[in-house]
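Listed here are the chains, written in short residue letters.
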Amino acid sequence: MIAKDIQSGVERLGEMIAAASIIVPFTGAGISTECGIPDFRSPGGLWTRNRPIPFDEFVASQEARDESWRRRFAMEATFAAAKPGRGHRALASLYRAGKIPAVITQNIDNLHQQSGFAPDRVIELHGNTTYARCIGCGRAYDLGWVKQRFDDSGAPDCTDCGEPVKTATISFGQAMPEDAMERASELSRSCDLLIAIGSSLVVWPAAGFPMMAKSAGARLVIINREPTDQDDLADLVIRHDIGDTLGPFVGN
Ligand code: NAD
């Protein structure tokens, strides 16, 4: 059912939140646009400006690695300045109230952690861009370390094993993190309400979780200003701004 206006959508969502005991949010880039981080697929989004660099290209070419880090550092001021928005803060309130055990996110911006979720309660399907990892041995590096080496001699390699160092994100063509996928499946199957927020639901396998929750008997709410392929499955669709929709749930 599509909410006829934002007011009735918020009211219905409030009833569904009150009736649920285990709520799992599934978030995408749309929850962070009000924090100044562009999404991929809206007009002017990152997708329209930069073709993503697939994992095999990153591995194969120093040039691709240099370009990848150039883009990352070009975004640093944006990521560093971003603060949790109304959507993040509303979810953090419901987490503190014991209604949300963990959030499943496609985002890489660390804003759920900043809003008050314990790090192990944020299930990152696509990793995190606020630090780096060696793609060989997995050693973590901070971005300051990478930047220094990058400025001297381009994209750096791991000092332990010599393999390339990459943002701790999952690129197209890179294996999904097994532990995160497993935990996301368990949560999707055990919740009684899944709220998909700001995702175009076109990036797979992440986009499978809302329908997995629905098939397992949960109610499904989709909050996104554009239609998605899963709207027909949802018990409630709110096609309005995320901050305006979730703002009333901040601070419960
Ligand atoms: P997407 O860009 O494909 O879709 C975002 C959706 O949110 C769009 O349908 C858009 O209409 C909607 N939206 C944007 N702002 C909104 C608002 N204020 N109110 C309501 N709706 C709004 O994003 P995705 O589905 O998350 O997939 C893109 C992938 O790119 C992600 O998996 C993620 O890994 C990565 N990404 C992450 C970030 C981030 O961490 N903030 C930003 C860009 C891309």
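Structure's up top.
Read on for an overview of the structure.

1. A few points about the environment of R183
And then number 1: Note on placement: R183 falls in helix α9 (residues 178-190).
And then number 2: Here R183 falls in the partly exposed class, since its relative accessible area comes to 25%.
And then number 3: Discounting chain neighbours no more than four positions away, the residues touching R183 are D120, R121 and I123.

2. Observations regarding unusual backbone geometry
And then number 1: A cis amide bond, omega 5°, links W204 with the succeeding residue P205.
And then number 2: Assignment of secondary structure puts P205 in the loop between β7 (193-197) and α10 (208-215).
And then number 3: Its identity is not glycine, yet N110 carries a phi of approximately 70°, on the positive side.
And then number 4: Within the secondary structure layout, N110 lies in the loop between β2 (103-105) and α7 (111-115).
And then number 5: N110 gets classed as partly exposed once you look at its relative accessible area, which sits at 22%.
And then number 6: Phi is positive for L201, which is not a glycine, with a value near 55°.

3. Describing the site of the ligand
And then number 1: Within the structure, the ligand sits among 27 residues, and F40, R41, Q106, H126 and S200 are positioned closest to it.
And then number 2: Within the side chain of D109, one N or O atom sits 2.8 Å away from a nitrogen atom of the ligand.
And then number 3: The side chain of D241 places a nitrogen or oxygen atom 2.9 Å from a nitrogen atom of the ligand.
And then number 4: Considering the ligand on its own, with 850 Å² of exposed area, one finds that the protein chains cover 97% of that surface.
And then number 5: Looking at which domains feed residues into the shell around the ligand, each of domain 1 (1-36 + 84-125 + 177-252) and domain 2 (38-81 + 127-169) supplies at least three.

4. Remarks on the pairing of β7
And then number 1: Burial analysis of β7 places 5 of its 5 residues in the buried class, which makes it a mostly covered element.
And then number 2: Side chains L193, I195 and I197 project from β7 onto one buried face, and the interleaved L194 and A196 project onto a second face that is buried too.
And then number 3: The pairing of strand β1 (residues 23-27) with β7 spans 5 bridges and is classified as parallel. Bridge pairing in β7 links P25 to I195.
And then number 4: Traced from β7 through α10 to strand β8 (residues 219-223), the parallel crossover comes out right-handed.

5. Some remarks on the sheet that holds β2
And then number 1: With respect to topology, 6 strands assemble into an open sheet ordered β3-β2-β1-β7-β8-β9, the strand pairing being parallel. The open sheet has two edge strands with one neighbour each: β3 (122-124) and β9 (236-238). The mean inter-strand angle of the sheet, taken between neighbouring strand axes irrespective of direction, is 15°.
And then number 2: Pairing analysis gives 2 bridges linking β1 to β2, with the strands arranged parallel.

Reading guide: rules and limits
- Residues numbered from 1 in each chain as written.
- Predicted model: local features only at pLDDT ≥ 70, side-chain atom pairs only at ≥ 80, totals over all residues.
- Heavy atoms only, no water.
- Helix = DSSP H or I, 4+ residues; strand = E, 2+ residues; numbered from the N terminus.
- Buried < 20%, exposed > 50% of the residue type's maximum accessible area, 1.4 Å probe, protein only.
- Contact = heavy atoms within 4.5 Å.
- Near = heavy atom within 4 Å.
- Polar contact = N/O pair within 3.5 Å; in protein donor to acceptor, adjacent residues only side chain to side chain.
- Areas by Shrake-Rupley, 256 points an atom, 1.4 Å probe, with all protein chains shown as cover.
- Domains from an automatic or database assignment.
- Pairing = 2+ DSSP bridges.
- Right-handed = clockwise from strand over helix to strand, strands pointing away.
- Axes fitted to C-alpha atoms, helices over the stretch in contact; angles between N-to-C directions.

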